[in-house]
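Report on the structure
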Amino acid sequence: MRFTPLIAGMIASLALSTAAQARDQISIVGSSTVYPFSTIAAEKFGQSSGFKTPVIESTGTGGGMKLFCKGIGVEYPDVTNASRAIKSKEAKMCADAGVAFQEFIVGNDGIAFANSLKGQHFKISIAHVAAALAAELPFQADGASDATPNQLETWADVDAYTAKRIGGDLAGLPNIPVSIMVPPPTSGTRDAMGELFMKHGWKKLGLDGSGYKKLREDGAAIEVGENDSLIIEKLVADQNMFGVFGYSFFDQNRDKVQAALLDGVELNFENVASYKYPAARPLFFYVKKAHVGVIPGLKEFINEFVSEKAMGLDGYLFPAGLVPLSEDDFAKQVAARDAL
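First things first, this report covers the structure right here in the doc. Throughout, a residue's number is its position along its own chain's written sequence, starting from 1. Where local features are concerned, this predicted model is filtered to residues with pLDDT of at least 70; where side-chain atom pairs are given and counted, the filter is 80 or more; whole-chain, interface and lining totals use all residues. Heavy atoms from the whole structure form the basis of all side-chain values; hydrogens and water molecules are not counted.

Each Phe, Tyr or Trp ring, with Trp reduced to its six-membered ring, pairs with another whose centre is within 6.5 Å; inter-plane angles below 30 degrees give stacked pairs, above 60 give edge-to-face pairs, and intermediate values give tilted ones. Following the criterion strictly, the structure yields 15 aromatic pairs and no others. Summarising the aromatic geometry, the rings of F45 and F51 are spaced 5.9 Å apart at their centres and angled 5° between planes, so their arrangement reads as stacked. According to the relative accessible area criterion, F51 is partly exposed, its value standing at 29%. Ring centres of F101 and Y286 lie 5.6 Å apart, and the angle between their planes is 80°; on these two criteria the pair is classed as edge-to-face. In this pair, F101 sits in strand 4 (residues 101-116) while Y286 sits in strand 13 (residues 280-288), placing the two residues 185 residues apart along the sequence. Here the term buried applies to any residue with accessible area under 20% of the maximum for its type, exposed to any over 50%, and partly exposed to those in between, with areas from a 1.4 Å probe on protein chains only. Given the relative accessible area of 23%, F101 is considered partly exposed. Taking the ring centre of F68 as reference, the NZ or CZ of K288 above it sits at 4.6 Å. Strands are runs of DSSP state E lasting at least 2 residues, helices are runs of H or I lasting at least 4, and numbering of each runs from the N terminus. Counted as over-ring charges are cases with an Arg CZ or a Lys NZ within 6 Å of the ring centre that also lie within 35 degrees of the ring normal.

Take the side chain of S32 next. As for its placement among the helices and strands, S32 is situated in the loop between strand 1 (27-30) and helix 2 (35-48). Judged by its relative accessible area of 7%, S32 is buried. Apart from the residues lying within four places of it in its own chain, the contact partners of S32 are S58, G60, E226, D228 and F249. We call two residues contacting when some pair of their heavy atoms lies within 4.5 Å.

Together, E308, D314, E327, D328 and D329 make up a negatively charged patch on the protein surface. Note that D329 resides in helix 13 (residues 327-339). Candidate patch residues must exceed 30% relative accessible area and have no salt bridge, after which like charges are joined if within 9 Å and Val, Leu, Ile, Met, Phe, Trp or Tyr side chains if within 5 Å. Surface accessibility in these figures is a Shrake-Rupley result with a 1.4 Å probe; residues are shielded only by whichever protein chains are displayed. Salt bridges are defined by distance alone: a side-chain nitrogen of Lys or Arg within 4 Å of a carboxyl oxygen of Asp or Glu. None of His or the chain ends enter the tally, which takes Lys and Arg as positive and Asp and Glu as negative. A charged residue contributes its charge at one atom only: NZ of Lys, CZ of Arg, CG of Asp or CD of Glu.

Residue count minus one, scaled by 1.5 Å, sets the expected span of a helix. With 13 residues, helix 13 ought to run about 18 Å at 1.5 Å a step, and its terminal C-alpha atoms sit 18 Å apart, in line with that. For helix 13, the set of buried residues is F330, Q333, V334, A336 and R337. Seen end-on, helix 13 carries its buried residues on one side only, within an arc spanning 160°. Within helix 13, the exposed residues directed more than 90 degrees away from the buried face are D328, K332 and A339. Those residues of helix 13 hidden inside the fold are in contact with strand 4, helix 11 (298-305) and helix 12 (308-311). Taking the helix axis as origin, the arc is that swept by the directions to the C-beta atoms.

The next thing to look at is the pairing of strand 4. Both faces of the sheet carry side chains from a regular strand, because those side chains alternate between them. Within strand 4, 13 of the 16 residues are buried, leaving the element largely enclosed by the surrounding structure. For two strands to pair, DSSP has to find at least two bridges joining them. Across five bridges, strand 4 lies against strand 10 (residues 242-246) in antiparallel orientation. Its bridge partner being in strand 10, I111 is matched across the sheet by G246. Two elements, strand 4 and strand 11 (residues 257-259), share three bridges in a ladder whose sense is antiparallel. Each residue of the ladder has a partner; that of S116, found in strand 11, is V257.

With that settled, the discussion passes to the environment of R190. Along the chain, R190 turns up in helix 7 (residues 188-204). Using a relative accessible area of 17% as the deciding quantity, one classes R190 as buried. For the pair formed by R190 and G62, sequence separation is 128 residues and the distance between their alpha carbons is 10.0 Å. Setting aside chain neighbours within four positions, we find R190 in contact with V182, P183, P184, P185, L215 and E223.

Structure, rendered in structure tokens:
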């Protein structure tokens, strides 16, 4: 008998039903950006529901998707958090393993480009960010075919290059080395940075092609792990360094760091909610449908997370830095929750 993904999934679901007693806690993996919101919801759930508090691992969005899409059963996570939407190749991996899932949007977020409060406050374009981070750049006036390794060593160099490419006055950036901490490749924030900073900034520079995809490897772009708190510590220690991370971490550390004004827009609640901020984005979590009603408390945890008391403007996640959804978008999440 040939086992299709659908049949394999049905068999796995039956096995899961009989083995659920092997795990009586919800297992959650994924995004470090969504992690604090998920943790707060899990703690509230554990205190009030009668079920055990879910176990949450901060693996990064990409790492979480790999674990989540491996299969159905108690050895696989029930939920994965994500700071960007699932990719088509990840959805295929889930489908091949018989994993059907439900997507939920938690709220909105903005990617901060930030430095120490003791450093100069930057007022720049996303074109500056793309020029500072790209592995290669064209240094001739025409076209992108003459791209060479990035020669921009200081922010003053970046400023001059960007002004030449897009016109206008210099931004007044200082003569200090370019030093930017960026998320690892497994991070959803890295993916979102690639789209919102690099791709859009590349276009602002008047460039075509996919040269924005590769970041420089000469020490100017520094890959760091999923620990955003460590990035804050490093920024405090070095006022000339910049970091890329989510709005909630910035909001919680306004006494230590400042976010650059990007394309004339400040990183704040209103500008993220309206998507006026050029690096605003939605946040997600994905639930394994076959585990709902089998893993104890999973349906009840989703009800806790996708609720006004958690995600709303007066909810307990708002003080933690989550920017709530619009009424229409929230209603769609509730409908998806109730349909499970």
